[in-house]
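Observations on chain architecture
Next come the chains, spelled out residue by residue.
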Amino acid sequence: FICLSFSLSTCSAHSYCILYAANTIHTVGVSGEHTAAGGGGNASYKRINPVSEGSCTVVWAVDHYDVFLCPHTEKGDFLALDLGGTNFRVLLVKVSDNGRQKVEMENQIYAIPEHLMRGSGTQLFDHIAECLANFMEKLGIKDRKLPLGFTFSFPCRQTKLDESLLVSWTKGFKCSSVEGHDVVALLRKAIRKRGDFDIDIVAVINDTVGTMMTCGYDDHNCEVGLIVGTGTNACYMEEMRHLETVEGDEGRMCVNMEWGAFGDNGELEDLRTEFEREIDCGSLNPGKQLFEKMISGMYMGELVQLILVKMAKEGYVFQGRVMSALAHPRTLQDLLRVVSATPPTLLSSANLTSLLYVLRVCQVVSTCAAHLCAATLASVLRQIRDNKATDRLRTTVGVDGSVYKNHPQFAQRMHRMVHRLVPDCDVRFLYSEDGSGMGAAMVTAVAYRLDMQHAEPSKNA
């Protein structure tokens, strides 16, 4: 469980991580090749053809990063869809510009039933379209064709700003006939089938990118986006000169790392415990997203549950009795509610000691997750520092996700370990409420304006 440091460097078309763990050094390739699109664009951003095969995705190239981070000339109403877990969010973002830009937001959370998470892709996107229609009708905007940004937080091969092919499902999803297909096209098809409203899907982004863009709107030093929730992932701004398979050496590019898949090629074998292996074997995607299964909210409770079941069977807790309530995987919050509701007849002095053991197990598992997250983040910060050839880096990390937000100690433990691992980096952590959805709307606002500007000369000609 001890992960002391990561170090990230770039070599040719691959990034390499060096993981120092238990005095053993492992050299690990963490990204696939990036394929350039050769797709033109305009003076402010390029549409490219990145490739994601599980570890690293180039999202798009930004020649002038602040064009996306500081959209101070944007105004209008923009929709956003944020899909990345068992719930998804629909947002209406209103941007006004009367001398000082003001952003207002209305949103609604909708559940995705488990049978839809594992049903057909058609059923899933029909459900999303129905919820979008419900939201627009409630706000009285169903008769308007508004620009929409789609945050889709799964590993994808993004071919252009409004086209993204799902590589593989994660986080408990296993909908048929979606992998290998363009998720934007599937959403458009579901909307057309309804026929009662129309929208203009301008951009599809990952939640890490949305979080970074949202935080960058308030803090121009934001160069990293981090999600620690149901799943986990990060993105950061890389120098174009380090991405040899992408055309151009000037400017920077937003790189979606898909770091939840780190370890899928065997790099974390010395760190994985029997409990993490058991979780992986029983998952919908065995052998995939191994790092995510070590630190994210979807698996943290199950990890604690497996440890407690083993301790009970070996007689260390609950007088050797395996409580039936502990026999099924659950979230960490549900698990703690079960333990706290232990019948009074079981609350002997021995079982009070058992509850202390439960507390300790929860503490160890969550601390380990925070430290592993800090180690990977430290590698990214070192890369940015080395890119800038500076002795001391000052930067901001935009963060979102239910674990980071709701766990009482996770954020503090992660922050503390990051500062220990990279003492030469002054890091500010900026929490982004609804960052991934808001970011999609902001990217949509800028891209929509740029498209309109690009189309205007052609129209006049």
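Here the residue numbers are simple positions, counted from 1 along each chain's written sequence. In keeping with the predicted nature of the model, local features appear solely for residues at pLDDT of at least 70, side-chain atom pairs appear and are counted solely at 80 or more, and the whole-chain, interface and lining totals rest on all residues. Side-chain metrics in this entry use all non-hydrogen atoms of the structure; hydrogen atoms and water are not considered.

1. Looking at the packing of aromatic side chains
Any aromatic ring pair is given by two values, namely how distant the centres are and how the planes are angled relative to each other. Going by this rule: Any Phe, Tyr or Trp ring, taking Trp's six-membered ring, that has another such ring centre within 6.5 Å forms a pair; planes under 30 degrees apart are called stacked, those over 60 apart edge-to-face, and the others tilted. Strands here mean DSSP runs of E at least two residues long; helices mean DSSP runs of H or I at least four residues long; both are numbered from the N terminus. Buried, partly exposed and exposed residues are distinguished by accessible area as a fraction of the type maximum, computed with a 1.4 Å probe on protein chains only: under 20%, between the cut-offs, and over 50%, respectively.
Here the structure, examined in full by the defined rule, presents 10 aromatic pairs. Taking 5.7 Å as the distance between ring centres and 25 degrees as the angle between the ring planes, the aromatic pair formed by Phe88 and Tyr110 counts as stacked. Of the two residues, Phe88 sits in strand β7 (residues 87-97) while Tyr110 sits in strand β8 (residues 101-111), which places them 22 residues apart along the sequence. Here Phe88 matches Tyr110 in class, with each residue buried. An angle of 50 degrees between the planes, with centres 5.0 Å apart, marks the rings of Phe152 and Phe154 as tilted. Comparing Phe152 with Phe154, the two get one shared label, buried. Three or more aromatic residues link up through ring pairs in this structure, and these residues are Phe150, Phe152, Phe154, Trp169 and Phe173.

2. Thoughts on the pairing of strand β14 (residues 232-239)
We apply this condition: When DSSP locates at least two bridges between a pair of strands, those strands are taken to pair.
Counting buried residues along β14, 8 of its 8 residues qualify, which places the element largely inside the surrounding structure. Burial of β14 is two-sided: the residues Thr232, Ala234, Tyr236 and Glu238 facing one way and the residues Asn233, Cys235, Met237 and Glu239 facing the other way are all buried. In this structure, strand β13 (residues 222-228) lies alongside β14, joined through 5 bridges in antiparallel fashion. Bridge pairing in β14 places Gly225 opposite Cys235.

3. Overview of the pairing of strand β11 (residues 163-166)
Alignment of strand β10 (residues 156-160) against β11, held across 4 bridges, turns out to be antiparallel. Paired with Lys160 across the bridge in β11 is Glu163. Here β10 folds back onto β11 in antiparallel fashion, the turn holding 2 residues.

4. Quick notes on the nonpolar core
As a reminder of what qualifies: To define a nonpolar core, start from buried Ala, Val, Leu, Ile, Met, Phe, Trp, Tyr and Cys residues and group those joined through side-chain atoms within 4.5 Å. What makes two residues a contact is simply this: any of their non-hydrogen atoms within 4.5 Å.
Leu226, Leu381 and Met414 are the most contacted members of the largest nonpolar core, which has 61 residues in total. With 16 residues, the top contributor of residues to this core is helix α10 (residues 349-388). Ignoring sequence-local partners within four residues, the contact set of Met414 consists of Leu226, Ala370, Cys373, Ala374, Tyr404 and Phe429. Ala129, Ala133, Ile141 and Ile191 belong to the second-largest nonpolar core, a separate cluster that totals 40 residues.

5. Looking at the side chain of Thr444
With respect to the helices and strands, Thr444 occurs in helix α13 (residues 435-460). Every residue in contact with Thr444, bar those within four places of it in the chain, is listed here: Phe78, Pro147, Leu148, Gly149, Val202 and Ala203.

6. Examining unusual backbone geometry
Most peptide bonds adopt trans geometry, and most residues besides glycine take a negative phi value. Unlike most non-glycine residues, Glu258 shows phi in positive territory, near 50 degrees. The topology assignment puts Glu258 in the loop between β15 (252-256) and α6 (274-281). Note on Glu258: relative accessible area 4%, which makes it buried. With phi around 50 degrees, Ala389 is a residue other than glycine that occupies positive phi space. By the secondary structure assignment, Ala389 is in the loop between α10 and β16 (393-400).

7. Describing helix α5 (residues 207-218)
Our working rule: The span one expects for a helix is its residue count, reduced by one, times 1.5 Å.
Across its 12 residues, α5 extends 17 Å between first and last C-alpha, which sits within 8% of the 16 Å expected from 1.5 Å per residue. A large share of α5 lies buried, amounting to 11 of its 12 residues.

8. Overview of the packing of α6 against helix α8 (residues 297-313)
To keep it simple, the criterion reads: Between N-to-C directions, angles span 0 to 180 degrees; the directions come from axes that are lines fitted to C-alpha atoms, helices contributing only their stretch in contact. Should an angle fall under 35 degrees it is taken as roughly parallel, and over 145 as roughly antiparallel, whereas 65 to 115 is taken as roughly perpendicular and any remaining angle as oblique. The handedness criterion is simple: a crossing whose near helix is rotated anticlockwise from the far helix by less than a right angle is left-handed, and one whose near helix is rotated clockwise is right-handed. Each residue is assigned to one of three groups, with Ala, Val, Leu, Ile, Met, Phe, Trp, Tyr, Cys and Pro labelled nonpolar, Asp, Glu, Lys and Arg labelled charged, and all others, Gly among them, labelled polar.
Orientation of α6 relative to α8, taken along the N-to-C sense of each, is 120 degrees, at an axis distance of 10 Å. For the element pair α6 / α8, the angle class is oblique. Handedness of the crossing formed by α6 with α8: right-handed. Across from Glu274, Phe275, Glu276, Glu278 and Ile279 in α6, the residues of α8 making contact are Tyr299, Glu302, Leu303, Leu306, Ile307 and Lys310. Split into classes, the residues belonging to the contact of α6 with α8 amount to 6 nonpolar, no polar and 5 charged.

9. Quick notes on the pattern of salt bridges
Test applied: Salt bridges are defined as contacts in which a side-chain nitrogen from Lys or Arg sits within 4 Å of a carboxyl oxygen from Asp or Glu.
Using the criterion set out here, one finds 22 salt bridges in the structure. With a closest N to O distance of 2.8 Å, Lys142 and Asp196 form a salt bridge. Separated by 54 residues along the polypeptide, Lys142 in the loop between α3 (121-139) and β9 (147-152) and Asp196 in the loop between α4 (183-194) and β12 (200-205) bring together distant segments of the chain. Residue class for Asp196 comes out partly exposed when judged on its relative accessible area of 31%. Between Asp426 and Arg394 there is a salt bridge, and its shortest N-O distance comes to 3.3 Å. Placement of the pair is Asp426 in strand β17 (residues 425-431) and Arg394 in strand β16, with a sequence separation of 32 residues.

10. Regarding the packing of α3 against α4
Contact pair α3 / α4: the axes reach a minimum separation of 9 Å and the direction vectors enclose 60 degrees. Between α3 and α4, the crossing angle belongs to the class labelled oblique. Of the two elements, α3 crosses α4, and the hand of that crossing is right-handed. Along the contact surface, α3 presents Thr122, Phe125, Asp126, Ile128, Ala129, Glu130, Leu132 and Ala133, while α4 presents Val183, Leu186, Leu187, Ala190, Ile191, Lys193 and Arg194.

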